[in-house]
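A closer look at the structure
Now for the letters of each chain:
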Amino acid sequence: MPTETELQLLFAELNNYYFNGETPVCRIRYNSRFSNSAGRITYSTRPVLIELSVKHFREHPEALRETLLHEMIHAWLYDRAGDTGHGPEFRKKMAECGLTSIYHDLGNMKPFNESAKRYILRCEQCALEILRRRLPRAAMSCGRCSKQGYDPRFPLTLLEVTETRELGMTVPRAAFKSQR
Ligand SMILES: [Zn+2]
Ligand SMILES: [Zn+2]
C-alpha cells in the first residue's frame, strides 16, 4: 500500500488531472479503526480530512484510487457549493473522473467482514434505497415499482456502503444511516 506521503502525491496528481487543481488542500490519512467503511471525509477540520481504511485497502488495493477520487469529488463540491451529497453535480463530476458507481460495487467479491448495515439495495427506476445489514439471499425487486410481488423489470442493485461522512448538510438517507 502507498504511504501517506505517496497518497498525498497521488492526491496532487489527481487534483491536477481531473480538477484543474481546484480541490482544496486535504490531509489524507489511513485509519486503522475503520471496519465497516473504506473511506471517510470530515469537512469540519482545516484542512479537510480524508481517511482511508487500512483494513479495506490491504485487501482491495485496486480500489484505492477510486475511493480517493470519490472523496476528492466531495471535497471539491463542498468547497464550491457547500454540497455534501451524491446529487446531479456529484454524478456529473464522477462521470468526468471515469467513476461509474457511487458505492463500491460488490460484484462477485466477498465482503471483507460482516458488520452492521452495510448493504444498500437501490432501485434505478425510482431511486429508492434500502439499507440492509446482511446480503439478501435472493434477487429482489423494488416494492414501490413492482405492483404485484417480485417483478424482474425493477431489480434492486446491490451496493456496499464504503464510506461514512461527517457533518453533511444534505447527506442522503442511506449514507446517513450507515453512520453508527
Ligand atoms: Zn460519497
Ligand atoms: Zn423503484
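Coordinates for the structure precede this section.
Predicted model only: the values in this text are computed from it and were never measured.

Let us now look at the pairing of strand 3 (residues 48-53). Most of strand 3 sits inside the fold, with 6 of its 6 residues counted as buried. Where burial is concerned, the two faces of strand 3 agree: the one with Val48, Ile50 and Leu52 and the one with Leu49, Glu51 and Ser53 are both buried. As defined by bridge partners, strand 1 (residues 26-31) adjoins strand 3 across 6 bridges and the pair is classed as parallel. Paired with Asn31 across the strands is Ser53, a residue of strand 3. Two elements, strand 2 (residues 39-42) and strand 3, share 4 bridges in a ladder whose sense is antiparallel. Pairing of Gly39 across the sheet is with Leu52, part of strand 3. With antiparallel pairing between neighbouring strands as the criterion, strand 2 and strand 3 make up a hairpin whose turn holds 5 residues.

Attention now moves to the coordination of the zinc ion (ligand 2). The protein atoms that coordinate the zinc ion (ligand 2) are Cys123 (SG), Cys126 (SG), Cys142 (SG) and Cys145 (SG), at distances spanning 2.3 to 2.4 Å. With 4 donor atoms in place around the zinc ion (ligand 2) and angles of 107 to 114° between them, the coordination shape is tetrahedral. Written as a sequence motif, the donor arrangement for the zinc ion (ligand 2) is C-x2-C-x15-C-x2-C. Residue Cys126 is located in the loop between strand 5 (119-123) and strand 6 (129-132), and its partner Cys142 is located in the loop between strand 6 and strand 7 (156-160); the two are separated by 16 residues in the primary sequence. For Cys126, a relative accessible area of 25% puts it in the partly exposed group.

In this section: the pattern of salt bridges. Within this structure, the stated rule accounts for 7 salt bridges. Close ionic contact of Arg80 with Glu22 constitutes a salt bridge, the shortest N to O distance being 3.3 Å. Here the residue Arg80 occupies a position in helix 3 (residues 64-81), and Glu22 occupies one in the loop between helix 1 (4-19) and strand 1, the gap between them amounting to 58 residues. When its relative accessible area of 54% is taken as the criterion, Arg80 is described as exposed. By sharing partners, the salt bridges in this structure join Arg122, Glu124 and Glu129 into a single network.

Definitions and limits used
- Residues numbered from 1 in each chain as written.
- Chains lettered and ligands numbered in written order.
- Predicted model: local features only at pLDDT ≥ 70, side-chain atom pairs only at ≥ 80, totals over all residues.
- Heavy atoms only, no water.
- Buried < 20%, exposed > 50% of the residue type's maximum accessible area, 1.4 Å probe, protein only.
- Helix = DSSP H or I, 4+ residues; strand = E, 2+ residues; numbered from the N terminus.
- Pairing = 2+ DSSP bridges.
- Donors = N, O, S within 2.8 Å, 3.2 Å for Na, K, Ca; no water.
- Tetrahedral: all angles 85-135°; square planar, octahedral: opposite > 155°, others 65-115°.
- Salt bridge = Lys/Arg side-chain N within 4 Å of Asp/Glu carboxyl O.

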